[in-house]
Amino acid sequence: MSRPVFPFVVGCERSGTTLLRLMLDAHPQLAVPPESYFIVDLWRRRSRYARIDGTIEPDPFRRDLQRHRWFRYWEVPAETLEVALDRPARFPDAIRRLYAAYARLHGKPRYGDKTPAYVQHVRLLADLLPEARFLHLIRDGREVALSLAEVPWGPGNVLDAAIHWAERVERGRRSGPALGHDRYREVRYERLVADPERELEGVAAFFDLGFDRSMLRHAERSRVRVPRPGLEHERSMAEPRPGARDWRREMAPEDLEAVEAAVGDLLDDMGYQRA
């Protein structure tokens, strides 16, 4: 029996992935939880849970999951988690059951994931979950760098942020295309905010979802769907607005010169015109 598509939204941080997550989560068929990160973390520690038959022992797996700081933002009751992971299962099946339990909590039949850093682990996730499809959201690196330099957890300066953007984008573009067009797709943030209906129709089709106009009304529920909403989420929780950030207006000339010297070739390759 074929499984439904497992959507993954990946990309460099501050590229609009939260906005796209909220749009997808507004679909009546799809629940997209806050960022996970734990799939890769728990996979690396899988020997802690391994049984002779290749399944994982549910009790230590649940304990590690409940201690994972990102999982806490999902707000899954302990009893729900215990029912979802009540017996040994292979690692991918445990992950599926966990996401399915989250979707049921929110009255949805399907689930997805939005974790930007998974752009570094596309091949691993694709092998673990053959039904996974990856949408790589890409934004002009100069605007990403401005945004990343502002957040307290970012690289701290515009140049390092631009180099971080290039590394993440290139990782995704190296690993994703090898999966084929049916499992990997790139979408530009600029097109998403300029014509959200058209872009979301394509995104929904890629994930085997029928387009639903509720996706265009994500802002109505965004504040209850973003954990710890802060200033860095304000634009994502509002209606998309082209030009909300503009490197031409906001980036200092010396920063712009350094950034384009460092990542200009990738900007060219992506079709972003240099200053």
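What counts, and where the lines are drawn
Residues numbered from 1 in each chain as written. Predicted model: local features only at pLDDT ≥ 70, side-chain atom pairs only at ≥ 80, totals over all residues. Heavy atoms only, no water. Buried < 20%, exposed > 50% of the residue type's maximum accessible area, 1.4 Å probe, protein only. Helix = DSSP H or I, 4+ residues; strand = E, 2+ residues; numbered from the N terminus. Contact = heavy atoms within 4.5 Å. Polar contact = N/O pair within 3.5 Å; in protein donor to acceptor, adjacent residues only side chain to side chain. Core = buried A, V, L, I, M, F, W, Y, C linked by side-chain atoms within 4.5 Å. Pairing = 2+ DSSP bridges.

Asks: Give me helix 3 (residues 58-67): which residues, what numbers.
Replies: Restricting attention to buried positions, one finds in helix 3 the residues Pro58, Pro60, Phe61, Arg62, Asp64 and Leu65. Where helix 3 is buried, its residues contact helix 2 (38-44), helix 4 (69-72), helix 5 (78-84) and helix 6 (91-105).

Asks: I'd like a description of the environment of Arg87, backed by residues and values.
Replies: Secondary-structure assignment places Arg87 in the loop between helix 5 and helix 6. Sequence separation of Arg87 and Gly264 is 177 residues, and the distance between their C-alpha atoms is 52 Å. Apart from residues no more than four positions distant in its own chain, Arg87 is found in contact with Pro58 and Arg97. There is a polar contact of 3.0 Å between the side chain of Arg87 and the side chain of Asp86.

Asks: A description of the nonpolar core should follow, citing residues and the corresponding values.
Replies: Counting 38 residues, the largest nonpolar core has Phe8, Phe38, Ile39, Phe61 and Phe134 as the members making the most contacts within it. Those elements that place two or more of their residues in this core are strand 1 (6-10), helix 2, helix 3, helix 5, helix 6, helix 7 (122-128) and strand 5 (132-138). It is helix 6 that provides the largest number of residues to this core, a total of eight residues. In this view, Phe61 contacts Leu42, Tyr49, Ile56, Leu85, Phe91, Ala94 and Ile95; residues no more than four positions away in its chain are not counted.

Asks: Describe the pairing of strand 5, listing the residues and the values that go with them.
Replies: Of all seven residues in strand 5, seven are buried; the element is thus mostly enclosed. The side-chain alternation of strand 5 yields two buried faces, one formed by Ala132, Phe134, His136 and Ile138 and the other by Arg133, Leu135 and Leu137. Both strand 1 and strand 5 contribute to a ladder of five bridges, which runs parallel. What sits directly across from Phe6, in strand 5, is Ala132.

Asks: Give me the environment of Val158: which residues, what numbers.
Replies: Along the chain, Val158 falls in helix 9 (residues 158-175). Distance in space between the C-alpha atoms of Val158 and Arg171 is 20 Å, their sequence separation being 13 residues. The residues touching Val158, leaving out its near neighbours within four places in the chain, are Ala145, Leu146, Ala149, Met251, Asp255 and Val259.

Asks: Describe helix 8 (residues 141-150), listing the residues and the values that go with them.
Replies: Within helix 8, eight of the 10 residues are buried, leaving the element largely enclosed by the surrounding structure. Among the residues of helix 8, those classed as buried are Gly141, Arg142, Glu143, Val144, Ala145, Leu146, Ser147 and Leu148. Among the structural elements, helix 9, helix 14 (247-250) and helix 15 (253-270) are those in contact with the buried residues of helix 8.

That's the geometry; what it means functionally is another story.
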